[in-house]
Structures are given as C-alpha cells and as structure tokens.
Amino acid sequence: MDITVKATAKLNLALDILGKRDDGYHELETVMAMVDLADYLDFSLRLDGNIKLESSSNAVPEDGRNLIVKAGLLLQRRFQVTKGATIKLDKKIPISAGMAGGSSDAAATLHGLNQLWELNLSLDELAEIGAEIGSDVSFCVYGGVAMCNGRGEKITPLPSLPPCWVVLAKPAISVSTRDVFSHLEVNDIQHQHSEKMLAAIASGDYYQMVEALGNDLEDYSLEKYAEISYLKKQFEAFGADAVLMSGTGPTVFAIVKTEKKAKRLYNSVSGFCKNVHMVRFLKPQFE
Ligand code: ATP
C-alpha cells in the first residue's frame, strides 16, 4: 500500500544571529512557521532494499545528493532495515528559496518510511535523526510554529499565529547561503527579533506580530540583490502590512489581514514575478 506525505514550506518570521561557533556554524534563534505550500511524497515498498527517487522536477538530483535519499539511507543504516522504497516526489516548493523545501522533503521521508517500514519511531526520535541530515529538518518533522535555537535543531513549539494571509514571491535569482553568512558582522547585530516575536505570538495580536518581523540576514541581501529590494518595495507599495525576506532568501513574503488584500498583492506582484503564491500559516498539529 502506498503512503503519501505532505512536505510543507516554512517561513522565518524572526531570525537572530547570536554568534559564530567554534564548529563554523552560526548560533541562531529563529521563529519558523509552516505555510500551506507543499511538495507531495509517495512511498511504496521495495523488497530489493534499494531507495529509488523519481522527481517531478529535474532541478533536484535523484541520487544520494538528494536529502530524501539521504534520509532513507540514514534510517536503513541506523535500524538495519533490509527493505527499500520507491519515492515519488511532486515538487511544488520553490528550490533554493529559503523555504526549506529539501529539509521538509527529508522530514516527510522520515515520517513516510517510519510508517512504510513499521519502525515505530516517536516524533522526538525522528526529529533527532533529522538533525543529522540538516539544521531545519527537526523543525520540519514537528511542523507548525516553533522557536528554533542552536543551528536551528533545538525546537520549542509555539501556539498558532493570529489569523492573516501571506503572499510570497521568489525572485529569479539564486543566493549563496555561504556568501550571506560570510558577510555577517555578528558583533554589529542586535538580536531581538525572536524575543519580540515570542511576545507578539503570546499576545495573539496581529499588529504586534507584523511589527515584530525581522531577519538579521536581510540587510546584506537587500543591498546586494536589486531583485530582492525591488520586490520588498513593491509589496510595501501595494499595501502589505509587513514584508520580510525568509531565511537566507531570496524569497520575500508579505503579510496582510484580509483575503481581499492578499489577492490584490498577489495580482500586482504576479505582473512582474513568475513565482508567486498566496498561502496561509498552518496551525500547529498538537495545539
Ligand atoms: P533552506 O531554507 O533550508 O536554506 P532552501 O529552500 O534555501 O533551504 P532547498 O530548496 O531546500 O533550499 O535546497 C537547496 C539545495 O539542496 C539545492 O541545491 C538542491 O539541489 C539540494 N537538494 C537536495 N535535496 C533536495 C530536495 N529534496 N528538494 C530541493 N532541493 C534539494
């Protein structure tokens, strides 16, 4: 029997860089939330032990470089699994966008194969395994809304966000994560976005939430990439209550309170950007 798992995209509502660690990673604090834009993964059992990935998009590798295959191989090794799987990926999340598409696919693979191979692993165990694949995978295992610390793998679940609409757009450029991080001047950065966001979410106040949006990685990208700053200015001009770059970018998202305003933003930005989506934040599963 086939198993289908939805892999949703995330947005960073707040991102603070707290410092550089001895292992080369940055210590960060970020509030992430899932939106209803998703890849779909279909799992079917193979008895020959192979993990075979078939992707709808030729922009992602189908071999061991894909995080889906990495997740499968890791589970096989860790639990001496002799069964395999054919995994069909229907790719909808923009690639290299700052929306954790690959990490979410990896998390969905952990969920799917846990079921397919009857491993009976708990959510916490899946999240721990996920952290070995990538910094965002643990959050993607839980989904919902959360504060993430460390490299991003220490998760504190948060309640639902105030009701609102999101329009996100990915400009047709690619941004190097390494380049963004290497230009960070950690000492100059005041890290307070996450704290403000936590208070806003606790209050449940929409305006406090939009006020609290912030990303330490944004200034560099706005200066370096004209496409990102243009998109942000357009969203603001078309009436967004707040606009922010997600993660390392280049995706930019705008928040508004009503569906009508979201449609207006969507139509306006679609006039010059091809990759635009109107979405909502997902409710945490365990609320
Ligand atoms: P993040 O927000 O976690 O930084 P991202 O949205 O910027 O991630 P992804 O789309 O997850 O970026 O992937 C970026 C790179 O990872 C691409 O170079 C891609 O080839 C590779 N990759 C490996 N597996 C996948 C996958 N399942 N989906 C998308 N990209 C993948």
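Just so we're clear, the structure is a prediction, and the values are computed from it rather than from any experiment. (Residues numbered from 1 in each chain as written. Predicted model: local features only at pLDDT ≥ 70, side-chain atom pairs only at ≥ 80, totals over all residues. Heavy atoms only, no water.)

Asks: Lay out unusual backbone geometry with the relevant residues and their values.
Replies: Trans is the prevailing form of peptide bonds, just as negative phi is the prevailing case for residues other than glycine. Here the residue pair G249 and P250 is connected by a cis peptide bond, since its omega of 0° sits within 30 degrees of zero. Looking at the element boundaries, P250 is found in the loop between β9 (242-245) and β10 (252-256). Of note in this structure, S96 is not a glycine but carries a positive phi near 50°. You can see S96 is positioned in the loop between β4 (84-90) and α2 (101-116). On the accessibility criterion, S96 (53% relative accessible area) is exposed. Residues other than glycine seldom take positive phi values, yet N120 does so here, at roughly 55°. Relative to the assigned elements, N120 resides in the loop between α2 and α3 (123-133). (Helix = DSSP H or I, 4+ residues; strand = E, 2+ residues; numbered from the N terminus. Buried < 20%, exposed > 50% of the residue type's maximum accessible area, 1.4 Å probe, protein only.)

Asks: An account of the sheet that holds strand β11 (residues 276-279) is needed here, citing residue identities and associated values.
Replies: An order of β9-β10-β7-β11 is seen for the four strands of this open sheet, with the pairing classed as antiparallel. In this open sheet, the two strands that pair with only one neighbour each are β9 and β11. The sheet shows a mean angle of 20° between the axes of neighbouring strands, direction not considered. Pairing of β9 with β10, which is carried by four bridges, proceeds in the antiparallel orientation. Residue pairing in the sheet places M245 in a bridge with V252 of β10. Those strands touched by helix α9 (residues 226-237) are β7 (165-169), β9 and β10, and its axis lies near 10° from that of β10. Relative to β11, helix α10 (residues 259-270) is tilted by about 175°, and along the sheet it contacts β7, β10 and β11. (Pairing = 2+ DSSP bridges. Axes fitted to C-alpha atoms, helices over the stretch in contact; angles between N-to-C directions. Contact = heavy atoms within 4.5 Å.)

Asks: So what's going on with the domain arrangement of the protein? Which residues, and what values?
Replies: Along its sequence, the protein is organised into domain 1 (3-157) and domain 2 (159-279). With 27 residues of domain 1 at the contact, the number on the domain 2 side is 35 residues. Among the residues of domain 1 in contact with domain 2, L13, L15 and I17 are the three that bury the most area, contributing 25% of the side total. Where domain 1 meets domain 2, there are zero salt bridges. (Domains from an automatic or database assignment. Buried area = accessible area lost by both parts, 1.4 Å probe. Salt bridge = Lys/Arg side-chain N within 4 Å of Asp/Glu carboxyl O.)

Asks: I'd like a description of the site of the ligand, backed by residues and values.
Replies: As a structural note, the neighbourhood of the ligand is formed by 19 residues, with N66, S96, A100, G102 and D136 the closest of them. Within the backbone of G98, a nitrogen or oxygen atom sits 3.0 Å from an oxygen atom of the ligand. In this structure, M99 approaches the ligand through a main-chain N or O atom, which is 3.0 Å from an oxygen atom. Among the elements of the structure, α1 (67-78) and α2 are those that each provide at least two residues to the shell around the ligand. Among the elements that take part in the shell around the ligand, α2 stands out by supplying four residues, more than any other. (Near = heavy atom within 4 Å. Polar contact = N/O pair within 3.5 Å; in protein donor to acceptor, adjacent residues only side chain to side chain.)

Asks: If you had to explain the pattern of salt bridges to someone new, which residues and values would you point to?
Replies: Applying the stated rule across the entire model yields 11 salt bridges. The salt bridge involving K92 is made with D90; its shortest N-O contact spans 3.0 Å. Looking at K92, the relative accessible area reads 43%, which means it is partly exposed. The exposure class of D90 is partly exposed, given its relative accessible area of 30%.

Asks: Help me get a handle on the environment of A100, residues and values and all.
Replies: Examined against the element boundaries, A100 turns out to sit in the loop between β4 and α2. Other than its neighbours up to four places away in sequence, A100 contacts K10, D136 and C140.

Asks: Explain the environment of G204 residue by residue, including any values.
Replies: Along the chain, G204 falls in the loop between α6 (193-203) and α7 (206-212). What makes G204 partly exposed here is its relative accessible area of 43%. Each C-alpha atom of the pair G204 and S57 lies 39 Å from the other, and the pair is 147 residues apart in sequence.

Asks: Could you give an account of the UniProt feature "domain: GHMP kinase N-terminal" (unreviewed entry) in the protein, naming the residues involved and the relevant values?
Replies: UniProt feature "domain: GHMP kinase N-terminal" (unreviewed entry): in the numbering of this structure it lies at residues 66-144. Secondary structure within residues 66-144 divides into 57% helix and 9% strand; the distance between the first and last C-alpha atoms comes to 24 Å. (UniProt positions renumbered as here; feature names shortened; annotations may be inferred.)

Asks: Just give me the short version of the environment of A262, but keep the residues and values in it.
Replies: Mapped onto the fold, A262 is located in helix α10. For the pair A262 and F238, spaced 24 residues apart in the sequence, the C-alpha separation amounts to 9.9 Å. Other than its neighbours up to four places away in sequence, A262 contacts W165, V167, V256 and M278.

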